[in-house]
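Next come the chains, spelled out residue by residue.
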Amino acid sequence: MTNLTSWLYVDLDIIADNIKAIKEYIGPVKLLAVVKADAYGHGIFPVASCAVENGADYLGVSSVEEGIFLRKKGIIAPVLIFNTILPEQAEDVVNFNLTSTICSIESVKAVDEAAKKCGKKARVHLKIDTGMGRFGILPKDVVEFTAKIYSGFNNIYLEGLYTHFSLASNEGNTRKQFNLFSSLINELKKKGIEIPLKHACNSTALLNYKDMHLDMVRSGNLVYGMCPTSKIKTKNPSQLYSKIVFLKTLPKGHHVGYGNKFTTKKTTTIAIIPFGYYEGLGLTVHQPSNAVDVLKYLLKHLLTALGIRKQDRIVTIKGVKCNILGKISMQNSIIDVTDIRDKVSIGDVAELNARRINISSSVARVYHKENRIFTE
Ligand SMILES: *Cc1c(COP(=O)(O)O)cnc(C)c1O
């Protein structure tokens, strides 16, 4: 561990506590722990194991590949694949006992055939598009589609029915979607169709609208302590670290980094960490898309340039906040350590802020669990 230069520390005990806190909040409702995107960057297998050990009933991933990976690692809990599958993936889905999301008759056919071939019943969840405009069948087609599944496909077990909210923070919008979903559940009920697992809520929705929990909730952000709320005590389980590998003092008027974007205004001591945009630093995912967003974006940058607002590109070394200077390079970044130059040495550890989901899988994940430290 000590010879790593950069690593993401992940405290599985905190993830366990977060899961327990969610479970306490939702009571008898089932919990699907979302572990897609490498568990939001924390590492899919250790997090999935931790979630199951602490009472998650279901796991959620985006792709068949992620599902197979979990199975090969020995995870036996139910795994729902959120994205719709291609017909040629049906056999893998069935063989590995993965639950697929159904939103077209072609995928139903493919899964049914694969299940027949394997002598199994394949679990599927039907997704309804109540407003997100992404995967799912439209509400007007639900009754007919469901009836078709029941009448024509004997190797399919329609275990679940779900929808996804597009703006869970907005109650009006979410209620509209939920009411539509509820009315479809009732319509099916009238036709004698009862599907055991109905689910709609993500983290924000499960926190804010307890009446929408139905049979199961799907939570990612809360598991990773990324949904600040007073309703549940969840904590951030991770911290990113990189060691200083080089120190140097530059004279006043010296350029720093690509594009000569920064020039020293005085004698400046710089420290280099081997962590750049390839590793996931300084990537901004948010692109302003409307006039208000553009104005906010410009204002933010203006205030930062005027020194009124603290810049985002800050790392902490020995408890002191230091700025990243100039452009972030592909695999390193230059930090201004002038204020602490007498205290820093090569090998000192800097605490970085990066979007966890953007941290490259090339960066080691170091886990803490019950007094044990390990890497995957
Ligand atoms: C990612 C995802 C979630 C989890 O959302 P959070 O806001 O992280 O809780 C739930 N459902 C589906 C379908 C998703 O794709």
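Just so it is clear, the model here is predicted, and its values are computed rather than measured.

On the surface, a cluster of nonpolar side chains totalling about 380 Å² of accessible area is made up of Val294, Leu295, Tyr297 and Leu298. Among the structural elements, Val294 can be located in helix H10 (residues 291-305).

Right, let's get into the site of the ligand. What surrounds the ligand is a group of 13 residues, the closest being Lys36, Tyr40, Ser203, Arg218 and Asn221. A distance of 2.5 Å separates an oxygen atom of the ligand from a polar atom in the side chain of Ser203. The contact in question runs from a nitrogen atom of the ligand to an N or O atom on the side chain of Arg218, over 2.8 Å. Computed on the free molecule, the ligand has an accessible area of 380 Å², of which 92% lies beneath the protein chains in the complex. Going through the elements one at a time, helix H2 (36-40) and strand E9 (216-219) are the ones with two or more residues in the shell around the ligand. Its residues assigned to classes, the shell around the ligand shows 3 nonpolar, 6 polar and 4 charged.

By convention, interface size is frequently given as the accessible area that disappears when the constituent parts associate. Partitioning the protein chain into structural domains gives domain 1 (10-227) and domain 2 (245-346). Taking only C-alpha atoms, the centre of domain 1 and the centre of domain 2 are 41 Å apart.

Below, the discussion takes up helix H4 (residues 64-72). Among all positions in H4, only Val64, Glu66, Gly67, Ile68, Leu70 and Arg71 are buried. Its buried side turned inward, H4 meets H2, helix H3 (44-53), strand E3 (58-61), strand E4 (79-84) and helix H5 (90-95). Backbone geometry just downstream of H4 places Gly74 in the positive-phi region, at approximately 100°.

This paragraph deals with unusual backbone geometry. Generally, phi is negative for residues other than glycine and the peptide bonds are trans, each holding for most cases. Within the chain, Ala39 stands out as a residue other than glycine whose phi angle is a positive 55°. Mapped onto the fold, Ala39 is located in helix H2. A positive phi angle is found at Asn260, which is not glycine, with a value near 50°. Looking at the element boundaries, Asn260 is found in the loop between strand E12 (255-256) and strand E13 (262-263).

How each quantity is defined
- Residues numbered from 1 in each chain as written.
- Predicted model: local features only at pLDDT ≥ 70, side-chain atom pairs only at ≥ 80, totals over all residues.
- Heavy atoms only, no water.
- Patch = residues over 30% accessible without salt bridge, like charges linked within 9 Å, V, L, I, M, F, W, Y side chains within 5 Å.
- Areas by Shrake-Rupley, 256 points an atom, 1.4 Å probe, with all protein chains shown as cover.
- Salt bridge = Lys/Arg side-chain N within 4 Å of Asp/Glu carboxyl O.
- Helix = DSSP H or I, 4+ residues; strand = E, 2+ residues; numbered from the N terminus.
- Near = heavy atom within 4 Å.
- Polar contact = N/O pair within 3.5 Å; in protein donor to acceptor, adjacent residues only side chain to side chain.
- Nonpolar A, V, L, I, M, F, W, Y, C, P; charged D, E, K, R; others polar.
- Domains from an automatic or database assignment.
- Buried < 20%, exposed > 50% of the residue type's maximum accessible area, 1.4 Å probe, protein only.
- Contact = heavy atoms within 4.5 Å.

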